[in-house]
Structure formats: C-alpha cells, structure tokens
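Listed here are the chains, written in short residue letters.
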Amino acid sequence: MTDLAKLRLARTTRAIRFAFIAWTFAQPAAAQQFQPVPPPASGRSALPATPVSGQRLLSELRKGGYVIYFRHTSTDFSRDDVRSRSDDDCDNQRPLTDKGREEARQIGAAFRDLKIPVEKVLASPRCRTMETAMLAFGRAERASEARGGPATPDSADRYLELRRLLSTPVRPGANLVISSHGNPFYATAGAPYLAEGEAAVVRPLGKDFEIVARVRHDAWRALVKN
C-alpha cells in the first residue's frame, strides 16, 4: 500500500470514528442505557390492532381477565446498573426519581378510585420495578419472568416465561399486574417501546396474547371522560 493510500485510509477511519462518536452523544440518555434488543421473530407490533379506550376499556378492566404490564415509572438516567452486585443493591442501580415515585402513587390512586380489580402484582426483582409496584399497589411478588436486561440474538427463549405469563388466562373479576422494564416487553411484543410509567393492557389468549390498549401513567383517570 502506498503512503498516499495509507494516508487516505487513516483519514477515512478517523472520519468514521468521529461520526460514530457524534451519533452516540446525539442519542437520548434512555437509548444509551441498553444495547438494542431484537424485535420478536414474528415481527409483531406492540400497538393495539383494534384499540379499546375510554369507558369501554374501563368497563373491560372492571370485569377482569387482563394482564396489565407496566414499565417502571420515571428514573434517573444519569445512573445505571453496571456496578450492581445483586437485585437488592439499590445504591448501584438506576433509581426512580421523586417524579417517578409520585407517578407510581398516582397510578395506584387511580386504580383504587376507578375500582379496577388487581388480584396479583408481579415485579422484576430490580429496585425500581419493585418500588414502582409497592408505591402503586402496596404489594409485589418478585418474578424472575419479568426480569429485564438486554436480549441477545443467541437467546431467543430469554423471555419465554414472560410470553407464557402474557398468554395465560386470568380469571374473571381479577387482573394481573406486572411491573417490569421496557426491553422485555419490546422483545416479546414488538415496537414501539413503552414509555416510563406506561402500561400495555394485554388480553391472554391461551397460546398467545393480544394488546388492546396502551395507557400513559397520567391517563388512567381520563378513562371515565372518554
């Protein structure tokens, strides 16, 4: 390789490196916390095919039979879980903010006021998901099926147990709440990601499931107005 060719190659390499660095810092903090996860092999979407909303959705939830999957409420993205030694090592995990804690309390208050029945509350063992569940519903059962973290191409069955949870029928008169993360739901149900504090209302179908609604943390009370 000539000296001129080497110089051109070096310049090209530097340009690519600088472009990648610029792209990385241009991404929002939330996008930098985790490696991207692969969408479901089926290419399914996490948007409801036939959305149910307002009074009709509230009526359905009061009848029970649904799984309500929450992504934890607002967190401090200046921190992460890299140094966390265990699920109980809250000091070294990304925590809820005060705003997130208030969001969780408001979700729980809305469920109580709207008389939406909740029989069981499962949560990823991480501190932010357990705290979201405890502040909202006053109880939470640790569930490894709801554990978060990035999925990788060679772990196609990583969220198999979560898919089973979402597909298993819930008895009439009760609903199952899951407090978890964005990645598990994305890897199981497809894009787009749930926002922090957003919930997907899931109808279990036995061997599969369907999403009937997505509700932001501050939109529950609006169900009685629409």
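Look a little higher up for the structure.
Rules used in this analysis
- Residues numbered from 1 in each chain as written.
- Predicted model: local features only at pLDDT ≥ 70, side-chain atom pairs only at ≥ 80, totals over all residues.
- Heavy atoms only, no water.
- Buried < 20%, exposed > 50% of the residue type's maximum accessible area, 1.4 Å probe, protein only.
- Helix = DSSP H or I, 4+ residues; strand = E, 2+ residues; numbered from the N terminus.
- Contact = heavy atoms within 4.5 Å.
- Pairing = 2+ DSSP bridges.
- Disulfide = S-S within 2.5 Å.
- Polar contact = N/O pair within 3.5 Å; in protein donor to acceptor, adjacent residues only side chain to side chain.
- Phe/Tyr/Trp six-rings, centres within 6.5 Å; stacked < 30°, edge-to-face > 60°.

Asker: Sorry, what's going on with helix 6 (residues 160-167) here?
Answerer: Turn by turn, an α-helix covers 3.6 residues, leaving residues three or four places apart pointing in a common direction. Within helix 6, the full set of buried residues consists of Leu162, Leu165, Leu166 and Ser167. Buried residues along helix 6 sit against strand 1 (67-71), strand 2 (120-123), strand 4 (176-180), helix 7 (182-189), strand 5 (199-204) and strand 6 (209-215).

Asker: Any chance you could explain helix 5 (residues 127-137) here in plain terms?
Answerer: Most of helix 5 sits inside the fold, with 8 of its 11 residues counted as buried. Taken together, the buried positions of helix 5 are Cys127, Arg128, Thr129, Met130, Thr132, Ala133, Ala136 and Phe137. For helix 5, the elements touching its buried residues are strand 1, helix 4 (98-114), strand 2, strand 3 (141-142) and strand 4. Two residues or fewer past helix 5, Gly138 is found with a positive phi of approximately 75 degrees.

Asker: It is not clear to me how the sheet that holds strand 6 should be interpreted in this structure. Could you clarify?
Answerer: What links the strands of a sheet is backbone hydrogen bonding, and the strands pair in either a parallel or an antiparallel sense. Strand order in the open sheet made by the 6 strands is 3-2-4-1-5-6, with mixed pairing throughout. The open sheet is flanked by strand 3 and strand 6, the only strands paired with a single partner. With 2 bridges joining them, strand 2 and strand 3 adopt parallel strand pairing. Its bridge partner being in strand 3, Leu122 is matched across the sheet by Glu141.

Asker: Any chance you could explain the pairing of strand 4 here in plain terms?
Answerer: A large share of strand 4 lies buried, amounting to 5 of its 5 residues. Side chains Leu176, Ile178 and Ser180 of strand 4 all project onto a buried face; the interleaved residues Val177 and Ser179 project onto the opposite face, where all are buried too. As paired strands, strand 1 and strand 4 are joined by 5 bridges and run parallel to one another. In the sheet register, Phe70 faces strand 4, and the bridge partner there is Ser179. Direction of pairing for strand 2 relative to strand 4: parallel, over a ladder of 4 bridges. Along strand 4, the bridge assignment pairs Ala123 with Ser179.

Asker: Help me out: how do you make sense of the state of the cysteines in this one?
Answerer: When the sulfur atoms of two cysteines share a covalent bond, that bond is a disulfide. One pass over the structure, following the stated rule, counts 1 disulfide. There is a disulfide in this structure between Cys90 and Cys127, and the S-S distance comes to 2.0 Å. Sign of the S-S torsion, about -85 degrees for the bond between Cys90 and Cys127, identifies this disulfide as left-handed. Taken together, the residues Cys90 in the loop between strand 1 and helix 4 and Cys127 in helix 5 connect sequence positions 37 residues apart.

Asker: Looking at this structure, I do not really get the side chain of Asp89. What am I missing?
Answerer: Along the chain, Asp89 falls in the loop between strand 1 and helix 4. One polar contact links Asp89 to Asn92, side chain to side chain, over a distance of 3.1 Å. Sequence-distant contacts of Asp89, defined by excluding residues within four places in its chain, comprise Arg83, Ser84 and Cys127.

Asker: Got a minute to help me understand the packing of aromatic side chains in this structure?
Answerer: Note on aromatic pairs: each is described by the distance of the centres and the angle between the planes. All chains considered together, the criterion is met by 7 aromatic pairs. Relative to Phe185, the ring of Tyr69 has its centre 4.7 Å away and its plane inclined at 35 degrees; by these criteria the two rings are tilted. Here Phe185 lies in helix 7 and Tyr69 lies in strand 1, a separation of 116 residues in the sequence. Given the relative accessible area of 0%, Tyr69 is considered buried. Seen from their ring centres, Phe111 and Trp220 are 4.7 Å apart, and the 65 degrees between their planes marks the pair as edge-to-face. Of this pair, Phe111 sits in helix 4 while Trp220 sits in the segment after strand 6, and the two are 109 residues apart along the sequence. On the basis of relative accessibility, which here comes to 3%, the residue Phe111 falls in the buried class.

Asker: What exactly am I supposed to notice about the side chain of Ser74 here?
Answerer: By secondary structure assignment, the location of Ser74 is in the loop between strand 1 and helix 4. A polar contact is formed between the side chain of Ser74 and the side chain of Lys99, at a distance of 3.4 Å. A distance of 3.0 Å separates a polar atom in the side chain of Ser74 from a polar atom in the side chain of Glu103. Contact partners of Ser74, with chain neighbours within four places excluded, come to Pro95, Leu96, Thr97, Lys99, Gly100, Glu103 and Glu196.

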